[in-house]
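# Structural description and commentary
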Amino acid sequence: MIKQITALITAVALCFALSSCSVFQADEAVLNISGAEIDKEIFAYYFDKVVANPANFGLDEKADAAACADKAVELCTRYVTVNTMFAKYNLKLTSSQKYDIANTVSNKWTCYSNHYNKIGVSRATISKIVTNETYENTIFTTLFDNSDDEAEKKVRKYFAENYIIFRAVCGYFVTTDAAGSDIEMSAAEKDKVEAKFKSLAEKITDISGLENAADELGYTASSAILLKKTQCEGYPDGFFDDVNSLKNDTASVLRYDDCLFIIWKYNPEDREEEYASCRSQCVKDMYSAFGEASFRSIEETFQVTKSEAMINSFIKNIEIYG
């Protein structure tokens, strides 16, 4: 299989090496990557992502605008690589993938359209980006996903170790004063709330019991949550490991400094829907090192021409991004 992969990569790289790099034909092109032009919207999307979270892209939290722009160039280059590899391998998206893309684009636009409009990114461009992300997952699946039982066991093992699936009832250690402001509970009050949570948790034997407990506490039970080990922003420190250590199909209470939870943890082996939804991502994660080397080998053949004037305009207006 490795020989087949190498042959495919070499063929794609050769196509780029032989392609000519045209000059910019219109002022809306920010980059020309071996003939593929990157317009303002694509560049703005990636520049915005880097500015918002530089550390996610290997930069210092206080990275300057020029460093963010350089990283955006790299992300645009990967965008071209993925689109080209997908076409060269003659890959196709399934009806399910197309449905998921449309749904993801709709959700993104509903939540973030104001911001996208501010930075000059249209819904059509969001669709291109989400489609590209799906292409990348499909490429990894095609190159690295074996269909034999042993390979499937490895993917399921990775899923079980890196994802948790649970429902939760969450409460915060705050109360309200006469003016309607939130104030932190005393230690005794926190202990009392925890005792109430534990008392209710002990009575829960199924999901309906979790919902009943939520009603009694005056909260709403969450729907099923699929949480990746490396994507726990917004949760207390140690939350993933704490939940992962709990018994499956059992209600448990977890207490933190400012909040506590009743957690119903599912057995990941029983959750085929969640497994199917992120199986491609699991394969991508498992073979990321080899995949990265594959992409890099192609990108090293690229000729990248920049419109310095346009990139400088992004740098000068960095305050609207992120």
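For the structure itself, look to the data block above.
This report concerns the structure included in the present document. Treat the numbers as computed from the prediction; the structure is a model and nothing was measured.

### Quick notes on the pairing of strand β8 (residues 259-265)
- Within β8, 7 of the 7 residues are buried, which leaves the element mostly enclosed by the surrounding structure.
- Bridging between strand β3 (residues 163-172) and β8 involves 7 bridges; their strand directions are antiparallel. Considered in β8, the bridge of Val169 is made with Ile262.
- Here strand β7 (residues 251-255) pairs with β8 via 5 bridges, running antiparallel. Counted as the bridge partner of Ala251 is Trp264 from β8.
- Where β7 hands over to β8, the hairpin turn is made up of 3 residues, counted between the paired strands.

### Observations concerning the packing of aromatic side chains
- In the structure shown here, the tally under the stated rule is 24 aromatic pairs.
- Ring geometry for Tyr45 against Tyr116: centres 6.4 Å apart, planes inclined by 35°, an arrangement best described as tilted. You can see Tyr45 sitting in helix α2 (residues 40-52) and its partner Tyr116 sitting in helix α4 (residues 95-118), a full 71 residues away along the chain.
- Aromatic pair Tyr256 and Phe261: ring centres 6.1 Å apart, planes at 80°, arrangement edge-to-face. Side by side, Tyr256 and Phe261 carry an identical accessibility label, which is buried.
- Among the aromatic residues, those joined into a cluster by ring pairs are Tyr45, Tyr46, Tyr79, Trp109, Tyr112 and Tyr116.
- It is Arg271 that lies over the ring of Tyr266; its NZ or CZ is 4.0 Å from the centre.

Conventions we followed
Residues numbered from 1 in each chain as written. Predicted model: local features only at pLDDT ≥ 70, side-chain atom pairs only at ≥ 80, totals over all residues. Heavy atoms only, no water. Buried < 20%, exposed > 50% of the residue type's maximum accessible area, 1.4 Å probe, protein only. Helix = DSSP H or I, 4+ residues; strand = E, 2+ residues; numbered from the N terminus. Pairing = 2+ DSSP bridges. Phe/Tyr/Trp six-rings, centres within 6.5 Å; stacked < 30°, edge-to-face > 60°. Lys NZ or Arg CZ within 6 Å of the ring centre and 35° of its normal.

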